[in-house]
Each structure stands twice: as C-alpha cells, then as structure tokens.
Amino acid sequence: MTYDFLIIGAGIAGLSVAAELAALGSVLVLEREAHPAHHASGRSAALYEPRYGLPPVVELSLASEAAFRALPGILSERGLMILAKADQRATFDRDLAGFQLEEIGVEAACGIVPILNPATVAFAATASHAWDIDTDLLIQGHIRRLKAGGGELRTSSPVSALRRAGGLWHVTTAMGEIAARVLINAAGAWVGQVAGMAGLRDPGFTPLRRSMARIAAPGARDISRWPMLFGCGESWYAKPDAGALIVSPAEEDPLAPQDAWADDMVLAEGLARYEEMVTEPVTRPLANWAGLRTFSPDRVPVIGPDPAEPAFFWLAGQGGYGFQTSPAAARLVAALLGGTAPDVGADLAARLSPTRFA
C-alpha cells in the first residue's frame, strides 16, 4: 500500500498531526520504540503556560488554548510562582514581564507555599494562567482519532533507509519497504538523522538533556494545590505530581540522540538550588529520569516543507514546548499539506518555515 502521509515519530508532535491528517488521506505513523510517547513526550513537565518561550512559540501556544478547552479533562488548574534571591532582581524583572506575572510579598508567597524560606526568598510573583496537561489522555485521544480516520500506528518500527524514486518516498523498516507520497519528520532528537537518510541538510538541531527527580511531598503535606515553582531565570523548577514533588535543575546539556538518563551531579546541583529556597530538606529521591528537548539553531520550532524537497516535511525542534503548542502546530501542518490558509496566519507560518535556514 502507498500512503499519502508517512510520519516518523509517535511523540506528541507526530500523533497530533496524524490525527489531523487522517481526514485528508491515508496515514501511517512509524515509531522506533515499543510504545508511543516514549522519549521527550513521556518525560514532560506537562504544563500549559502559554507565555513560556520566544514570540513564535507563545503565538502557537495561545492559538492552542481553544483546542485544549474543547477537550474535557485535558487541563486542570495549577498556577505559577517565580522566586528570586536578593541579588537576582534584574532577572526577576525580566520574568515578571515575560510571563506577565503579579509580584507579591514574601509573606504572601509563604502563605501559598508554606515551605518557602523567607531568609533566602527576597522576591516572588504569581500567575494563574498555567494549567496541568493530562498528557496521557491527550496522547490516547490522538491515537483514537487517527485510527477512527483509518490511520495506522506501528510501534517497534525503526526506519533504516529512505530513498526518493518515482515521485514517492520508499521507507525501509524491519517489516519491509513502505511507500508514501509525503514524509513527515517528527522524530524528535533523531530528526537530523532522518534528514541525513533522506539526503537532506540538517539545519543544526541540538538535543539538550533535562533531568528530573521525584521527591516525597515536603513534610508529608498535601501539596496538590501548590503552584508550579520556578527559580527566576528558569534555574530550577518544582511541580506537584501525584502526591509527590518533581524537581528539575532545568539544565540544557547537549547530548547525542539516545534514551537519556539523569546525571547525578547535575541533579544534585539542581536539588541544592531548590533546597536553598525552602525550609524542608530533600531526603532520598524516590526516582529520577531525563529527557531530551531538541532545539533548532534559533530555538523556534521548524514546521514546513524542506526547501530542497517539498515532499519532505519538517515538524521538529519543539524544545520544551511540544505539548502546549501541539494543537496549533498540528492544524498548521494540515493546512500546509491540505493547501488551505493556516489559521495561525501566514506571518507566523513563515517564521516557522525551514526556509529561514536555506
């Protein structure tokens, strides 16, 4: 069978697009791992904060809100709090403006999160425009839409070779060769390798590791209504999760595409930055892990046909914004491939296009 659209990668990017494209033609999603959303999508902080990121990212995130609101149970209230020490005022002010936060007194902040240390927390600010994303519910919903539209998802199906012949892509997998009219590269940290197999130039995507540790709720408190906490300048963050607290050093260490793991020293440094701002010490972590957030050279997602081969479509470089931008990004892909005007506007579509690296 020849497919209209073959998508490499079953993370949030690939699956959200697959669900949209199922209405336009035959769709096959190939995933190298045994389960979808195994890498970055399975290790996300799962927060929808539409003012997080560079302007094109913010525009995509804001354009995604209506789609999230239309899906019952996807978003739940969380909120956001930024914390800073006395010598971090300039960075704190940049966060205030960028995230559109309201500054509050340290005493008020301690009333919201009782473990904050007033001896080290000098400035605090909050916002209500941040929500938890039920990422599993979202992923499973996309898979159901894909299959309801006649599309297919094949796991444990790594791609070993690509060639263009007779107006089609010929894709070699362990189960044999597959043909497709359009190839969509949504392979996360592996997008550069996929482009190389297709004989196309990688503009310079870089996978960056981010580690996380799960610790017990401080003092066995009920932390379910605490906001997500950020050290100003995104120097660390902590987020309530299923009765525990996830703490990340928010590092960005380059790493080759792989099944990433946390670096113990980096994790310890991040936990120390968190501990400095609270009164409860960190005991032994319950678990730790890491994921790869892949960025383009300008840290803006790349969405559109390759300048040298229009039948090769980039959906790459989502960085840490894949979930929160996914509805608008998927609609943009469907519009570009379906020949309709993108609802995010031609200007934003141009700023996301891979032609900017040509």
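Everything quoted here is computed from the prediction, not taken from an experiment.

**Description of the packing of helix α1 (residues 12-21) against helix α8 (residues 322-338)**
- Axis separation between α1 and α8 bottoms out at 8 Å; the angle between their running directions is 40°. In terms of axis orientation, α1 runs oblique to α8. Judged by the sense of rotation from one axis to the other, the crossing of α1 with α8 is right-handed. On α8, the residues touching Ile12, Ser16, Val17, Glu20 and Leu21 of α1 are Gly322, Phe323, Ser326, Ala330, Arg331, Val333, Ala334 and Leu337.
- Along the lines of polarity and charge, the residues of the contact of α1 with α8 split into 8 nonpolar, 3 polar and 2 charged.

**Thoughts on the pairing of strand β7 (residues 123-127)**
- Of all 5 residues in β7, 5 are buried; the element is thus mostly enclosed.
- Burial along β7 is two-sided: the face carrying Phe123, Ala125 and Ala127 and the face carrying Ala124 and Thr126 are both buried.
- Where strand β5 (residues 80-84) lies against β7, 5 bridges are found, and the strand directions are antiparallel. Bridged to leucine 80 within β7 is alanine 127.
- Pairing between strand β6 (residues 102-104) and β7: 3 bridges, direction antiparallel. Residue pairing for β7: glutamate 102 is matched across the bridge by threonine 126.

**Focus: the environment of leucine 47**
- Mapped onto the elements, leucine 47 comes out in strand β3 (residues 47-48).
- On a C-alpha basis, the gap between leucine 47 and leucine 75 in space is 8.9 Å, while along the polypeptide they are 28 residues apart.
- Once you skip the residues sitting within four places of it in the chain, leucine 47 turns out to touch Arg78, Ala130, Trp131, Asp132, Ile133, Met228, Lys239 and Gln324.

**Some remarks on the side chain of arginine 293**
- Mapped onto the elements of the fold, arginine 293 is located in strand β18 (residues 287-295).
- Look at arginine 293 and you get buried, because its relative accessible area is 10%.
- Of note is the side chain of arginine 293, whose polar atom sits 3.5 Å from the side chain of tyrosine 52.
- A polar contact is formed between the side chain of arginine 293 and the side chain of glutamate 252, at a distance of 3.2 Å.
- If sequence neighbours within four positions are ignored, arginine 293 has contacts with Tyr52, Thr206, Pro207, Leu208, Arg210, Glu252, Gly319 and Gly320.

**Quick word on the pairing of strand β10 (residues 159-165)**
- One ladder, built from 6 bridges, connects β10 with strand β11 (residues 168-173); its direction is antiparallel. Looking at the pairing, alanine 165 lines up with leucine 168 of β11.
- Two successive antiparallel strands, β10 and β11, enclose a turn made up of 2 residues, where glycine 166 displays a positive phi of approximately 60°.

**Describing the packing of aromatic side chains**
- Evaluated as defined, the whole model comprises 13 aromatic pairs.
- Ring pairing ties together the aromatic residues Tyr52, Phe99, Phe230, Tyr237, Phe295 and Tyr321, which thus form one cluster.
- Positioned over the ring face of tryptophan 131 is arginine 69, at 4.3 Å from the centre of the ring.
- Above the plane of the ring of phenylalanine 295 lies arginine 299, whose end atom (NZ or CZ) is 3.9 Å from the centre.

**Things to note about helix α5 (residues 135-148)**
- Taking 1.5 Å per residue as the helical rise, α5 with its 14 residues ought to reach 20 Å, and the 20 Å between its terminal C-alpha atoms agrees with that figure.
- The set of residues buried in α5 consists of Thr135, Leu138, Ile139, Gly141, His142, Ile143 and Leu146.
- For α5, the secondary structure elements touched by its buried residues are α1, β2 (27-30), α2 (55-69), β8 (131-133), β9 (152-154) and α8.

**Section: the packing of α2 against α8**
- In the contact formed by α2 and α8, the axes pass within 7 Å of each other and the chain directions differ by 85°. Taken together, the axes of α2 and α8 lie roughly perpendicular to each other. Here Val57, Leu60, Ser61, Ala63, Ser64, Ala67 and Phe68 of α2 lie close against α8, whose contacting residues are Phe323, Gln324, Thr325, Ser326, Pro327, Ala328, Ala329 and Arg331.

**Some details on the environment of asparagine 185**
- Tracing the chain through its elements places asparagine 185 in strand β12 (residues 176-185).
- The class for asparagine 185 is buried, based on a relative accessible area of 0%.
- C-alpha separation for the pair asparagine 185 and glycine 14, spaced 171 residues apart in sequence, amounts to 8.2 Å.
- Beyond its immediate sequence surroundings of up to four residues, asparagine 185 is in contact with Ile8, Val191, Val194, Ala195, Phe312, Phe313, Trp314, Leu315 and Ala316.
- At 3.5 Å, the side chain of asparagine 185 forms a polar contact with the backbone nitrogen of alanine 187.

Conventions adopted
- Residues numbered from 1 in each chain as written.
- Predicted model: local features only at pLDDT ≥ 70, side-chain atom pairs only at ≥ 80, totals over all residues.
- Heavy atoms only, no water.
- Axes fitted to C-alpha atoms, helices over the stretch in contact; angles between N-to-C directions.
- Helix = DSSP H or I, 4+ residues; strand = E, 2+ residues; numbered from the N terminus.
- Parallel < 35°, antiparallel > 145°, perpendicular 65-115°, else oblique.
- Left-handed = near helix turned anticlockwise from the far one by under 90°.
- Contact = heavy atoms within 4.5 Å.
- Nonpolar A, V, L, I, M, F, W, Y, C, P; charged D, E, K, R; others polar.
- Buried < 20%, exposed > 50% of the residue type's maximum accessible area, 1.4 Å probe, protein only.
- Pairing = 2+ DSSP bridges.
- Polar contact = N/O pair within 3.5 Å; in protein donor to acceptor, adjacent residues only side chain to side chain.
- Phe/Tyr/Trp six-rings, centres within 6.5 Å; stacked < 30°, edge-to-face > 60°.
- Lys NZ or Arg CZ within 6 Å of the ring centre and 35° of its normal.
- Expected span 1.5 Å × (residues − 1).

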